[in-house]
Amino acid sequence: MAGNRAVVYRGAGTVTVEDISYPELIIRDGPGVNPLNVGRKCDHGVIVKIVTTNICGSDQHMVRGRTTAPEGLVLGHEITGEVIEVGRDVEFIKKGDLVSVPFNIACGRCRSCKERDTHICENVNPDRPGSAYGYVDMGGWVGGQSEYVMVPYADFQLLKFPDKEQAMEKILDLTMLSDIFPTGYHGAVSAGVRPGSTVYVAGAGPVGLAAAHSAQLLGASVVIVGDLNNERLAQARSFGCETVNLREHPDLGEQIAEILGVPEVDCAIDCVGFEAHGHGTEAGEAPAIVLNSIMEVTRAGGRLGIPGLYVTGDPGAVDEDAKIGTLKVRLGLGWAKAHTFVTGQTPVMRYHRDLMMSILSGKAQIAKAVNATVISLDQAPASYAEFDQGASKKFVIDPHGILK
């Protein structure tokens, strides 16, 4: 039997590359595995040899120690790979297929899945609706920053690329289909971006950049990206976005007015989440700053897409309320302006096929937008540290050295 190596969380600020068990079509006990999932058979699943797997900002929240993730958790939920083993109940996915794995784990059988809400599947996580690979409180499904991984419900979930050779030529774009591209696109769709829209994107990390590119694909007339990091803002400008630096110029409305002539936009997207920092050179952490600021600058009747992660357990939060996800949000302002809020994980399967076709046709250039950077599995710990320091890169792990 082949071996398996993976990126493992070992406490706040620490990840290591370790030998782990080769995947089986069953859930074994381990760090983060819900007891009710232990022994769960997955004859509807497949084993995937990973071609690419990405480091996500959501992973970084755990690695910083800002969640209740247990030590020993295998990380990674952005997975693209080749099917090398199929369970007895798999009918349509075959060995040798090159596939994108949605980060949402979904059964395809429950009410939520049948209504295309695969981000809140009711059957994969005993704690609450919704699940993901390698993530805290998500049922304990083993993560995919590894050489091999098990994927359940394969016939329903997997997106097969129609031509392997063509797919490998565009693999740095296609690897973004498992999470970041649909997440950014969902943020833009949720915010109501349409031809001619003016859009503000909070955060120039990979999801923010994906949201900005998505807004362009949807026909926005102006996309403004805000951040505290000049390197990330330069990356946003590289594909045609306007930018505002909120560390140097803390008044967001004033900066928007300098670009648009008015201090408001048609819609806004929060791609920061719960570890947000206040505006200005001396500001510290302010968990609700992004939510409140996008309400201030979005026109009355506008929509707010919120793909940025918010959690119910944050042991490193700045106050007791924030530790349980209770934030000082100006709901009265949003109510008075009749805003629409859309939150939660992204239902990847709602978008991934269309976005795949956009990539294969050359319409979408998502790898360029997010500055996709290939690394080896052994480089993952150093890349986590670099990402934490604000590097304007989307790290793509190539565990088998296939892309070199």
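Conventions we followed
- Residues numbered from 1 in each chain as written.
- Predicted model: local features only at pLDDT ≥ 70, side-chain atom pairs only at ≥ 80, totals over all residues.
- Heavy atoms only, no water.
- Salt bridge = Lys/Arg side-chain N within 4 Å of Asp/Glu carboxyl O.
- Helix = DSSP H or I, 4+ residues; strand = E, 2+ residues; numbered from the N terminus.
- Pairing = 2+ DSSP bridges.
- Axes fitted to C-alpha atoms, helices over the stretch in contact; angles between N-to-C directions.
- UniProt positions renumbered as here; feature names shortened; annotations may be inferred.
- Core = buried A, V, L, I, M, F, W, Y, C linked by side-chain atoms within 4.5 Å.
- Buried < 20%, exposed > 50% of the residue type's maximum accessible area, 1.4 Å probe, protein only.
- Contact = heavy atoms within 4.5 Å.
- Polar contact = N/O pair within 3.5 Å; in protein donor to acceptor, adjacent residues only side chain to side chain.
- Phe/Tyr/Trp six-rings, centres within 6.5 Å; stacked < 30°, edge-to-face > 60°.

**Student:** Tell me about the pattern of salt bridges, and please be specific about residues and values.
**Tutor:** This model, assessed by the stated rule, comprises 19 salt bridges. A salt bridge links glutamate 18 to arginine 10; the shortest N-O distance between them is 2.8 Å. A salt bridge links aspartate 43 to arginine 88, with the shortest nitrogen-to-oxygen separation between them at 3.2 Å. On the criterion of sequence distance, the pair formed by aspartate 43 in the loop between β2 (15-19) and β3 (46-54) and arginine 88 in the loop between β4 (79-86) and β5 (98-101) is long-range, its members being 45 residues apart.

**Student:** Account for the sheet that holds strand β9 (residues 222-227), naming residues and giving values.
**Tutor:** Overall, parallel pairing links the six strands, which are arranged β10-β9-β8-β11-β12-β13 in an open sheet. Of all the strands in the sheet, the pair left with one neighbour each is β10 (242-245) and β13 (340-343). Across the sheet, the mean angle separating the axes of adjacent strands is 20° when strand polarity is ignored. Taken together, the four bridges between strand β8 (residues 198-202) and strand β11 (residues 265-270) define a ladder with parallel strand orientation. Among the inter-strand pairings, alanine 202 is bridged to a residue of β11, identified as aspartate 270.

**Student:** Report on the UniProt feature "domain: Alcohol dehydrogenase-like N-terminal" (unreviewed entry) in the protein chain, specifying residues and quantitative values.
**Tutor:** Summarizing the sequence annotation, UniProt attributes the feature "domain: Alcohol dehydrogenase-like N-terminal" (unreviewed entry) to residues 44-162 in the numbering used throughout. Along residues 44-162 the backbone is 13% helical and 23% strand, and the end-to-end C-alpha distance reaches 22 Å.

**Student:** Got a sec to walk through the nonpolar core? Specific residues and values, please.
**Tutor:** Core analysis: the largest hydrophobic core is formed by 46 residues, its most contacted members being Leu177, Val193, Val201 and Val225. Tallying contributions element by element places helix α7 (residues 206-217) first for this core, with five residues. With sequence-adjacent residues up to four places away left out, valine 193 is seen in contact with Ala188, Val199, Ala215, Leu218, Ala220 and Cys267. Grouped together as the second largest cluster of nonpolar side chains are 31 residues, Ile27, Val46, Tyr148 and Ala154 included.

**Student:** Got a sec to walk through the side chain of serine 293? Specific residues and values, please.
**Tutor:** When you line up the elements, serine 293 lands in helix α10 (residues 289-297). The exposure class of serine 293 is buried, given its relative accessible area of 6%. Of the polar contacts made by the side chain of serine 293, one reaches the backbone oxygen of valine 290; its length is 3.0 Å. Leaving out residues up to four positions away in the same chain, serine 293 has contacts with Leu252 and His279.

**Student:** Lay out the UniProt feature "domain: Alcohol dehydrogenase-like C-terminal" (unreviewed entry) in the protein chain with the relevant residues and their values.
**Tutor:** The feature "domain: Alcohol dehydrogenase-like C-terminal" (unreviewed entry), as given by UniProt, occupies residues 206-273 in the numbering adopted here. Counted over residues 206-273, helix gives 43% and strand 24%. Its end C-alpha atoms are 13 Å apart.

**Student:** Tell me about the environment of arginine 353, residues and numbers included.
**Tutor:** Within the secondary structure, arginine 353 sits in helix α12 (residues 352-360). Looking at arginine 353, the relative accessible area reads 48%, which means it is partly exposed. Between the C-alpha atom of arginine 353 and that of leucine 177, which follows or precedes it by 176 residues, the distance is 8.6 Å.

**Student:** If you had to explain the packing of aromatic side chains to someone new, which residues and values would you point to?
**Tutor:** Evaluation of the coordinates by the stated rule reveals two aromatic pairs. Ring plane angle 55° and centroid distance 5.2 Å describe the contact between tyrosine 22 and tyrosine 148, whose orientation is recorded as tilted. Here tyrosine 22 is found in the loop between β2 and β3, whereas its partner tyrosine 148 is found in strand β6 (residues 148-151), with 126 residues between them in sequence. Assessed through its relative accessible area of 16%, tyrosine 22 is described here as buried. When its relative accessible area of 14% is taken as the criterion, tyrosine 148 is described as buried.

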